[in-house]
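Chain and residue survey
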Amino acid sequence: MPILVFIIILSAVAYLYFKTKQIRSPRPVEKQWQASRAGIALGLGMGAFGINQLFLFDFEFSTDLILTYVIAAAFILIGFGSAWMRYKAYKHLTPFLEKEDAQWKKYENENV
């Protein structure tokens, strides 16, 4: 399905974008916040890849089909589970990010 391929590519680009922002940030809470955003993108990409595997192969009933379904289920469960856990971390870190931003601006104003 072309829409799933688009979602997989979009999530890969988002992962690279957020990972780059994480590496370039000097602030510790923002690094964790960006890592959680990158993890969300990676998890959604893995889940979309697993769903895409279900539509990609059309075998007759055989061990190859069962193996494909097992691997696709693993990708779906691990991917969306990871995205959910990273989303919870994202929501948890957002208030701390606002506090860190205020402290960072205060620190910059004192040293300028």
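Residues numbered from 1 in each chain as written. Predicted model: local features only at pLDDT ≥ 70, side-chain atom pairs only at ≥ 80, totals over all residues. Heavy atoms only, no water.

Take the pattern of salt bridges next. Counted by the stated rule, this structure contains four salt bridges. Here glutamate 100 makes a salt bridge to arginine 27, at a shortest N to O gap of 3.9 Å. Note that glutamate 100 is positioned in helix H3 (residues 63-111) and arginine 27 in the loop between helix H1 (2-24) and helix H2 (28-56), a separation of 73 residues in sequence. Residue classification places glutamate 100 among the buried residues on the basis of a relative accessible area of 10%. The class of arginine 27 is buried, set by a relative accessible area of 10%. For lysine 105, the salt bridge identified is with aspartate 101, shortest N-O distance 3.7 Å. With lysine 105 and aspartate 101 both in helix H3 and four residues apart, this pair spans about one turn of that helix. Salt bridges sharing partners connect three or more residues here, namely Arg27, Glu30, Glu100, Asp101 and Lys105. (Salt bridge = Lys/Arg side-chain N within 4 Å of Asp/Glu carboxyl O. Helix = DSSP H or I, 4+ residues; strand = E, 2+ residues; numbered from the N terminus. Buried < 20%, exposed > 50% of the residue type's maximum accessible area, 1.4 Å probe, protein only.)

Take a nonpolar patch on the surface next. The grouping of Met1, Ile3, Phe6, Ile7, Leu10, Leu54, Phe55 and Tyr69 at the surface amounts to a nonpolar patch, some 800 Å² of accessible area in total. Elements with a contribution of two residues or more to the nonpolar patch: H1 and H2. Examined against the element boundaries, leucine 10 turns out to sit in helix H1. (Patch = residues over 30% accessible without salt bridge, like charges linked within 9 Å, V, L, I, M, F, W, Y side chains within 5 Å. Areas by Shrake-Rupley, 256 points an atom, 1.4 Å probe, with all protein chains shown as cover.)

Inspection of every chain in the model, using the stated rule, returns six aromatic pairs. Look at tryptophan 33 and tyrosine 90: their rings are 5.5 Å apart centre to centre, the planes differ by 20 degrees, and that puts the pair in the stacked class. Here tryptophan 33 is found in helix H2, whereas its partner tyrosine 90 is found in helix H3, with 57 residues between them in sequence. Residue classification places tyrosine 90 among the partly exposed residues on the basis of a relative accessible area of 24%. Where phenylalanine 49 meets phenylalanine 75, the ring centres are 5.1 Å apart and the plane angle is 65 degrees; that geometry is what we call edge-to-face. Of this pair, phenylalanine 49 sits in helix H2 while phenylalanine 75 sits in helix H3, and the two are 26 residues apart along the sequence. Residue phenylalanine 49 is classed as partly exposed on the basis of its relative accessible area of 33%. Take phenylalanine 75: its relative accessible area is 29%, and that puts it in the partly exposed class. Linked through ring pairs, Trp33, Trp84, Tyr87 and Tyr90 together constitute an aromatic cluster. (Phe/Tyr/Trp six-rings, centres within 6.5 Å; stacked < 30°, edge-to-face > 60°.)

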